[in-house]
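# Structural overview
One letter stands for each residue in the lines below.
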Amino acid sequence: MAEKLNLSREEMLREGIKLFLERKLREIKSEIFKIRTKYGVPSVEEFEELYRKGEIEEKDTWQDFQKLDHLEFKKDELEEALRTL
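Residues numbered from 1 in each chain as written. Predicted model: local features only at pLDDT ≥ 70, side-chain atom pairs only at ≥ 80, totals over all residues. Heavy atoms only, no water.

On the surface, L13, I17 and L85 cluster together to form a nonpolar patch covering roughly 270 Å² of accessible area. By secondary structure assignment, the location of L85 is in the segment after α3 (58-84). (Patch = residues over 30% accessible without salt bridge, like charges linked within 9 Å, V, L, I, M, F, W, Y side chains within 5 Å. Areas by Shrake-Rupley, 256 points an atom, 1.4 Å probe, with all protein chains shown as cover. Salt bridge = Lys/Arg side-chain N within 4 Å of Asp/Glu carboxyl O. Helix = DSSP H or I, 4+ residues; strand = E, 2+ residues; numbered from the N terminus.)

Right under this line is the structure:
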């Protein structure tokens, strides 16, 4: 396939990996957007601030907080991986 597209095998693999990472990044950003919108926060730090101020209860929101924290970490990892390609 690489020959038909006049690409080296390495270039084709790199482009495939790049597309995969970009797709994953879009999925993660979508999930981050949903959680941020649900609570009206721009970041996990602002989410945590709502806890400190007592504006939201941990009981019903802790899973979303943890998920947002994890997703933001994964987003940073994917963005870094894309920069190194």
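Under the counting rule described, the total for this entry stands at twelve salt bridges. With its nearest N and O atoms 3.2 Å apart, the salt bridge here joins R52 to E49. Of this pair, R52 and E49 are both found in helix α2 (residues 44-53), three residues apart, which corresponds to roughly one turn of the helix. Judged by its relative accessible area of 28%, E49 is partly exposed. Linking K75 and D76 is a salt bridge whose minimum nitrogen-to-oxygen distance equals 3.7 Å. When its relative accessible area of 17% is taken as the criterion, K75 is described as buried. Residue D76 is classed as partly exposed on the basis of its relative accessible area of 44%. (Buried < 20%, exposed > 50% of the residue type's maximum accessible area, 1.4 Å probe, protein only.)

This part takes up the packing of aromatic side chains. Here the structure, examined in full by the defined rule, presents six aromatic pairs. Both rings, one in Y51 and one in F65, keep their centres 5.4 Å apart while their planes meet at 75°; by these two values the pair is edge-to-face. Highlighted residues: Y51 in helix α2 and F65 in helix α3, separated in sequence by 14 residues. The structure contains a cluster of three or more aromatic residues connected by ring pairs, namely Y39, F47, Y51, W62 and F65. (Phe/Tyr/Trp six-rings, centres within 6.5 Å; stacked < 30°, edge-to-face > 60°.)

Another point: the nonpolar core. Of all hydrophobic cores here, the largest spans 17 residues; its most connected members are I35, F47 and L68. Broken down by secondary-structure element, the contributors of at least two residues to this core are α1 (9-39), α2 and α3. No other element matches the six residues that α1 contributes to this core. Sequence-distant contacts of F47, that is, excluding residues within four places in its chain, are made with I35, Y39, V41, I56, T61, D64, F65 and L68. (Core = buried A, V, L, I, M, F, W, Y, C linked by side-chain atoms within 4.5 Å. Contact = heavy atoms within 4.5 Å.)

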